[in-house]
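Tertiary structure, described
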Amino acid sequence: MPDDSRIAETLLDLARDRGPSSSFCPSEAARALSPAEWKPLMPRVREVASRLQRDGLISVTQSGRAVDALEAEGPIRLSRPMH
């Protein structure tokens, strides 16, 4: 399993590659890191996304509204920060 720094790197790469007006599902990062076993990785991906969110490095939304990556229930989207 990838460590948190590798997860963070993957999340930031996806956010950068998408550009300022596009978002992605955290499962895309999990699938990129562990194609065969991505589902068990999802809680850690959300935890790392939450840290990156607190550090202002990514934005987390649900239905177009800003949410906390760990508190949101259901699908979330990640993107570059909306500064």
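Thresholds applied
Residues numbered from 1 in each chain as written. Predicted model: local features only at pLDDT ≥ 70, side-chain atom pairs only at ≥ 80, totals over all residues. Heavy atoms only, no water. Helix = DSSP H or I, 4+ residues; strand = E, 2+ residues; numbered from the N terminus. Buried < 20%, exposed > 50% of the residue type's maximum accessible area, 1.4 Å probe, protein only. Contact = heavy atoms within 4.5 Å. Salt bridge = Lys/Arg side-chain N within 4 Å of Asp/Glu carboxyl O. Core = buried A, V, L, I, M, F, W, Y, C linked by side-chain atoms within 4.5 Å.

A word on the side chain of Ser79
Looking at the element boundaries, Ser79 is found in strand E4 (residues 77-79). A relative accessible area of 8% means that Ser79 is categorised as buried. For Ser79, the residues in contact, after removing those within four places along its chain, are Ala15, Ser22, Ser23, Phe24, Ile58 and Ser59.

A closer look at the pattern of salt bridges
This structure, assessed with the given rule, holds 6 salt bridges. The partner of Arg51 in a salt bridge is Asp4, with the nearest N and O atoms 2.9 Å apart. Taken together, the residues Arg51 in helix H3 (residues 42-54) and Asp4 in helix H1 (residues 4-18) connect sequence positions 47 residues apart. Asp4 gets classed as partly exposed once you look at its relative accessible area, which sits at 30%. Notably, a salt bridge pairs Arg6 with Glu9, separated by 3.2 Å at the nearest N-O pair. You can see Arg6 and its partner Glu9 sitting in helix H1, 3 residues apart, about one turn around the helix. Sharing partners across several salt bridges, the network here consists of Asp4, Arg44 and Arg51.

Description of the nonpolar core
Generally speaking, nonpolar side chains in soluble globular proteins are found buried as a group. The biggest cluster of nonpolar side chains holds 23 residues, and the ones touching the most others in it are Ile7, Leu11, Val45, Ile58, Val60, Ile76 and Leu78. Mapped onto this core, the elements with two or more residues apiece are H1, helix H2 (26-33) and H3. Aside from chain neighbours lying at most four places away, what touches Ile76 is Phe24, Cys25, Pro26, Arg46, Val60, Thr61, Gln62, Val67 and Ala69.

Everything listed here is a matter of geometry and, on its own, says nothing about what the molecule does.
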